[in-house]
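Okay, here's what each chain looks like letter by letter:
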Amino acid sequence: SAVISQKPSRDICQRGTSLTIQCQVDSQVTMMFWYRQQPGQSLTLIATANQGSEATYESGFVIDKFPISRPNLTFSTLTVSNLSPEDSSIYLCSLGGTQHTREQFFGPGTRLTVL
Amino acid sequence: AQKVTQAQTEISVVEKEDVTLDCVYETRDTTYYLFWYKQPPSGELVFLIRRNSFDEQNEISGRYSWNFQKSTSSFNFTITASQVVDSAVYFCALSEAPYQKVTFGTGTKLQVIP
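Residues numbered from 1 in each chain as written. Chains lettered and ligands numbered in written order. Predicted model: local features only at pLDDT ≥ 70, side-chain atom pairs only at ≥ 80, totals over all residues. Heavy atoms only, no water.

Colleague: Any chance you could break down the pairing of strand S4 (residues 31–37) of chain A for me, citing the residues and the numbers?
Modeller: Taken across its 7 residues, S4(A) has 6 buried, putting it largely inside the fold. Counting the residues in the hairpin turn of S4(A) and strand S5 (residues 43–50) of chain A gives 5 residues, including A:Gly40, whose phi is positive at 75 degrees. (Buried < 20%, exposed > 50% of the residue type's maximum accessible area, 1.4 Å probe, protein only. Helix = DSSP H or I, 4+ residues; strand = E, 2+ residues; numbered from the N terminus. Pairing = 2+ DSSP bridges.)

In structure tokens:
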């Protein structure tokens, strides 16, 4: 099974600053996904990150607020910009399983608190 | 559009009781995939099962079992002889392919009381 790591695991940030979250995978994958989980809520897809193209954002999420980079097939970053307390959430990266695996892999998550 | 409904927000059971978590889904796709995940208080998502739409056979894994019924668009999850370690939030989820984006239900918080 794939191994996904995220950095940082948690952070406390001040209002108005930005946080960049890194997602590293131990194998090459075409598609990576970024999800947000607000406190006590379910997971919501922010965007799909494909290598070599612009990320595709879901309704309600915009590139200016959540810029994403995908420089290669094993790495992606999500930046949460101009932070406000409403951005306090767990952010998770995910990659789809392959045709030969059953699991949909999720990273361990980054727990962000904005003061 | 895909939608997953978990009507049970919170469930409390006494240890050793059986408990069933309900999941109803909506999709226009003829091929789709259903998942269950466990999220303990630590926050990580633990994959439990993936089932494709062509396989309606029920599955059992230890104390866990899943009942998939296309006729009622349901994919229910039963824990037999519940344990305190089963206390977590459980998410049912749906995707149109095994490596595509996933639509999550709102989750069911299970509390197992000793």
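Okay, back to it.
Colleague: Mind laying out the environment of A:Ile63, listing which residues take part and the relevant values?
Modeller: All names here are of chain A. Note that Ile 63 resides in the loop between strand S6 (56–57) and strand S7 (68–72). As a C-alpha pair, Ile 63 and Ser 9 span 54 residues in sequence and 23 Å in three-dimensional space. Each residue touching Ile 63, except ones within four places of it in the same chain, is listed here: Glu 54 and Tyr 57. (Contact = heavy atoms within 4.5 Å.)

Colleague: So what's going on with the state of the cysteines? Which residues, and what values?
Modeller: One pass over the full model with this rule turns up 2 disulfides over all chains. In this model, B:Cys23 is linked to B:Cys92 through a disulfide, with the two sulfur atoms separated by 1.9 Å. Because the torsion about its S-S bond is -65 degrees, the bridge between B:Cys23 and B:Cys92 counts as left-handed. On the criterion of sequence distance, the pair formed by B:Cys23 in the loop between strand S3 (19–21) and strand S4 (24–26) and B:Cys92 in strand S10 (residues 88–95) is long-range, its members being 69 residues apart. Overall, the relative accessible area of 0% leaves B:Cys92 in the buried class. Counting only cysteine sulfurs, A:Cys93 is the nearest neighbor of A:Cys13, a cysteine outside any disulfide, at a range of 17 Å. (Disulfide = S-S within 2.5 Å.)

Colleague: Before we move on, can you summarise the layout of surface pockets with the specific residues and values?
Modeller: Computed from the structure, the largest pocket encloses a volume of approximately 560 Å³. What lines the largest pocket is a set of 28 residues, among which A:Gln37, A:Gly40, A:Gln41, B:Gln39 and B:Val89 lie closest to the centre. Mapped by element, the contributors of at least two residues to the lining of the largest pocket are strand S9 (89–95) and strand S11 (110–114) of chain A together with S10 and strand S12 (108–113) of chain B. (1 Å grid on protein atoms, 1.4 Å probe; cavity = no way out; pocket = protein on both sides within 12 Å on 5 of 7 lines; lining within 4 Å. Points joined across faces, edges and corners; volume = space filled by probe spheres on them.)

Colleague: Please give an account of unusual backbone geometry that cites residues and values.
Modeller: Omega for the peptide link from A:Lys7 to A:Pro8 comes to -10 degrees, which places this bond in the cis form. Residue position: A:Pro8 is located in the loop between strand S1 (4–7) and strand S2 (10–13). Unlike most non-glycine residues, B:Lys16 shows phi in positive territory, near 85 degrees. Note on placement: B:Lys16 falls in the loop between strand S2 (10–14) and S3. Looking at B:Lys16, the relative accessible area reads 69%, which means it is exposed. If you check the backbone angles, B:Ser73 has positive phi at about 50 degrees while not being a glycine. Inspection of the secondary structure assignment puts B:Ser73 in the loop between strand S8 (64–69) and strand S9 (74–79). Judged by its relative accessible area of 25%, B:Ser73 is partly exposed.

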